[in-house]
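# Notes for the structure review
Below, each chain spelled out in residue letters.
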Amino acid sequence: MAPTDQRHEHALKLFLDARPELRETLDHLNPLLAQAKGETPAQYREERLHEAFEAEAESQGLFAWELTLQLTAATPEEYQAQRLEVHREVAEMAGMDWLEYCDLYGIEP
């Protein structure tokens, strides 16, 4: 597993640990729903966890990867530095000017 994957898995664990009601729901999903989707109960549970994680990120106005960084960074300053670094990489991959990108996503450069 790549370091980024490990970080995301750790963030999912922290997210779930902070939400016992979500854990309870996920632990009692209907296995017939998984079967109807052609998935194992574990795959179906994992998908629901990822959906809940993404919904939480969206409710905070974040991308899921930003929530991952937020949950796993040691300090708020580390989170901000990592967040800006990833946004800068995304802007470069998209061929966008950094300041334009910042304006588009409401980022303080």
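Residues numbered from 1 in each chain as written. Predicted model: local features only at pLDDT ≥ 70, side-chain atom pairs only at ≥ 80, totals over all residues. Heavy atoms only, no water.

Okay, a nonpolar patch on the surface next. A grouping of Phe63, Leu104 and Tyr105 is seen on the molecular surface, where their side chains present a nonpolar patch of about 300 Å² in accessible area. Its place among the elements puts Phe63 in the loop between helix H4 (41–59) and helix H5 (64–72). For Phe63, a relative accessible area of 37% gives the class partly exposed. (Patch = residues over 30% accessible without salt bridge, like charges linked within 9 Å, V, L, I, M, F, W, Y side chains within 5 Å. Areas by Shrake-Rupley, 256 points an atom, 1.4 Å probe, with all protein chains shown as cover. Salt bridge = Lys/Arg side-chain N within 4 Å of Asp/Glu carboxyl O. Helix = DSSP H or I, 4+ residues; strand = E, 2+ residues; numbered from the N terminus. Buried < 20%, exposed > 50% of the residue type's maximum accessible area, 1.4 Å probe, protein only.)

Pairing between side chains of opposite charge can happen when the charged atoms of each approach one another. On inspection of all chains with the given rule, the structure shows eight salt bridges. Notably, a salt bridge pairs Arg83 with Glu66, separated by 2.6 Å at the nearest N-O pair. Of this pair, Arg83 sits in helix H6 (residues 76–94) while Glu66 sits in helix H5, and the two are 17 residues apart along the sequence. A single burial state applies to Arg83 and to Glu66, both of which are buried. Via salt bridges that share partners, Lys37, Glu47, Arg48 and Glu51 belong to a single interconnected network.

Moving on to the side chain of Arg83. Classification of Arg83 as buried rests on a relative accessible area of 16%. There is a polar contact of 2.6 Å between the side chain of Arg83 and the side chain of Glu66. (Polar contact = N/O pair within 3.5 Å; in protein donor to acceptor, adjacent residues only side chain to side chain.)

Segmentation of the protein chain into domains returns domain 1 (1–72) and domain 2 (74–108). Centre-to-centre, using C-alpha coordinates, domain 1 lies 25 Å away from domain 2. Counting residues at the interface gives eight residues for domain 1 and seven residues for domain 2. Looking at the side of domain 1 facing domain 2, the largest losses of area belong to Trp65, Glu66 and Leu69, adding up to 57% of the total buried there. Counting every contact that joins domain 1 to domain 2 gives one salt bridge. (Domains from an automatic or database assignment. Contact = heavy atoms within 4.5 Å. Buried area = accessible area lost by both parts, 1.4 Å probe.)

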